[in-house]
Structures are given as C-alpha cells and as structure tokens.
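# Commentary on secondary and tertiary structure
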Amino acid sequence: AWLAGASIVGRTNREVRPAADLALEEAEDAAVLSSGSAVVERAAQGPVDADGVPRQLVVSKYPVRDPKGVVSGVLDVRRDVTEALRTQQA
C-alpha cells in the first residue's frame, strides 16, 4: 500500500512498499545505514493515478544521526514529479 502524503515513521519497507520494490529499498537503506552517505534523487514509479498511469517520483534517502553522530536510521523522502514532467513534455 502506498501512503501518499502520510507519515510512516517507525514502519518498515515491508509494511509500506510494493513487494517488487523491496530488494532495492532494503539495499539502499542498508547502504545509507552502513556508509552514512545519502542516496539523492533516484527516479521511481509510484502508485497508479485515476487514469491508470503510474505517478513519477524522485526518491532521496538521508542518514539520521543520534546526538553522538552515529547513524541510527534513514529518512526517506519522496517527491511526486508527475505533473512537472507532463508540463515539460507538453
């Protein structure tokens, strides 16, 4: 299930991402956690809109650090760029 515009703090990829995307999502999260480096602006497909066309997203993932600077989580930000792309193509 996709949760557009919703906070999903504390939920896992398996709870909120389509099964087809799990391997990539989990690999990216593991890389951010182990390296402390961000994944910035990867293109992705989102949920299908009312017209049956998949939404186009830009995904960025950032390390979340505790007060000691240790990476303790991943902040996953998704921007829907469907309308901007449609405007560019028109």
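Preceding block: the structure.
No experiment lies behind these values; they were computed from the predicted model shown. (Residues numbered from 1 in each chain as written. Predicted model: local features only at pLDDT ≥ 70, side-chain atom pairs only at ≥ 80, totals over all residues. Heavy atoms only, no water.)

## Observations concerning the sheet that holds strand 3 (residues 71-80)
Read from one edge of the open sheet, three strands run 1-2-3, paired in antiparallel fashion. Looking at which strands have only one partner, the edges of the open sheet turn out to be strand 1 (39-48) and strand 3. Strand-to-strand twist across the sheet, computed as the mean angle between neighbouring axes with direction ignored, equals 30°. Two elements, strand 1 and strand 2 (residues 54-65), share six bridges in a ladder whose sense is antiparallel. Bridge assignment links V48 to a residue of strand 2, and that residue is P54. In the packing of helix 2 (residues 22-35) onto the sheet, the strands contacted are strand 1, strand 2 and strand 3, and the crossing angle to strand 3 comes to about 130°. (Pairing = 2+ DSSP bridges. Helix = DSSP H or I, 4+ residues; strand = E, 2+ residues; numbered from the N terminus. Axes fitted to C-alpha atoms, helices over the stretch in contact; angles between N-to-C directions. Contact = heavy atoms within 4.5 Å.)

## Concerning the side chain of R55
Along the chain, R55 turns up in strand 2. Among the polar contacts made by the side chain of R55, one reaches the side chain of T82 at a distance of 3.5 Å. Ignoring sequence-local partners within four residues, the contact set of R55 consists of A44, Q45, G46, P47, D49, D80, T82, E83 and R86. (Polar contact = N/O pair within 3.5 Å; in protein donor to acceptor, adjacent residues only side chain to side chain.)

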